[in-house]
Amino acid sequence: MIVFNLACAHEHRFEGWFASGDEFDSQCARSLVQCPVCASAEIRRLPSAPRLNLARAGGDERTPAASAGAPATAEVMQQKLLQMARMLVQQTDDVGERFAEEARKIHYREAPPRGIRGVASPVEVAELNDEGIEVFAFPIPDAAKNPLQ
Ligand SMILES: [Zn+2]
C-alpha cells in the first residue's frame, strides 16, 4: 500500500491509500476517489507526502548547528530548577531538624498551615507518608539559599 496526499477541486486535503500509483489513476478515472468533505470526484495528487518532510527534519537533527543546542538546554533546565528552589526557599519556613515534628503539627492543625522545609531521615519521611502527610524531596542548591538582594 502507498499513501497519497490528495486534494479536491475545493482544496480539501486528505490522504488516500492505494495498492499502487496505477490503482490510484484507475480509480480516479472511474470517479471512485471522492473527497470525504464535499464528495467531489475531481481529485488530484499533491506532490509531496508528509513522510518526505519528516525525513528532511530527521536530517536536520544531525547537523552540527542543531547538536550545539544541547548544552544550552541543560543550562536552561538548571536555571529552571534554581528558580524553583528559590521559590521554595522564599515560600517555606526552614524548620531544620524539626521537620517531621512540624509537619505533623501542621497536619494535625496544632500549628498554622504553611509550607515548611527541613531535613528528615528516610524513616521519618516514610512515617509521614504513612500518616498521609505529603512530603517531597527537593535538592536545594546552595545558590538558592542566599536570595539575591
Ligand atoms: Zn472537497
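Here the structure is a predicted model, which means the values were calculated and not measured. (Residues numbered from 1 in each chain as written. Predicted model: local features only at pLDDT ≥ 70, side-chain atom pairs only at ≥ 80, totals over all residues.)

Enquirer: Could you clarify how one ought to interpret the pairing of strand β4 (residues 92-96) in this entry?
Expert: Moving residue by residue along a regular strand, the side chains alternate between the two faces of the sheet. Alignment of β4 against strand β5 (residues 115-118), held across four bridges, turns out to be parallel. By the bridge assignment, T92 is partnered in β5 with G115. (Pairing = 2+ DSSP bridges. Helix = DSSP H or I, 4+ residues; strand = E, 2+ residues; numbered from the N terminus.)

Enquirer: Help me understand the environment of A103, please; the structure alone is not making it clear to me.
Expert: Tracing the backbone through its elements, the reader meets A103 in helix α5 (residues 99-107). For A103, a count of 23 C-beta atoms within 10 Å gives the class buried. Once the C-alpha coordinates of A103 and E134 are considered, the two residues, 31 residues apart in sequence, prove to be 8.8 Å apart. (Buried ≥ 20, exposed ≤ 12 C-beta atoms within 10 Å, placed from the backbone.)

Enquirer: Explain the sheet that holds strand β1 (residues 2-8) here, please?
Expert: The strands making up a sheet are joined through hydrogen bonds of the backbone, oriented either antiparallel or parallel. The strand order β2-β1-β3 describes an open sheet built from three strands, whose pairing is antiparallel. Strand pairing shows two members of the sheet lacking a second neighbour, β2 (13-18) and β3 (43-45), which therefore form its edges. Each adjacent strand pair in this sheet contributes to an overall mean axis angle of 45°, direction not counted. (Axes fitted to C-alpha atoms, helices over the stretch in contact; angles between N-to-C directions.)

Enquirer: I tried to follow the environment of L81 on my own but got confused; where do I start?
Expert: Along the chain, the position of L81 falls in helix α4 (residues 70-91). For the pair L81 and A144, spaced 63 residues apart in sequence, the C-alpha to C-alpha distance is 9.6 Å.

Enquirer: Help me understand the pairing of β1 in this model?
Expert: By the bridge criterion, six bridges tie β1 to β2 in an arrangement that is antiparallel. Bridge assignment links L6 to a residue of β2, and that residue is F14. What sits between β1 and β2 in their antiparallel hairpin is a turn of four residues, with E11 showing a positive phi close to 65°. Where β1 lies against β3, three bridges are found, and the strand directions are antiparallel.

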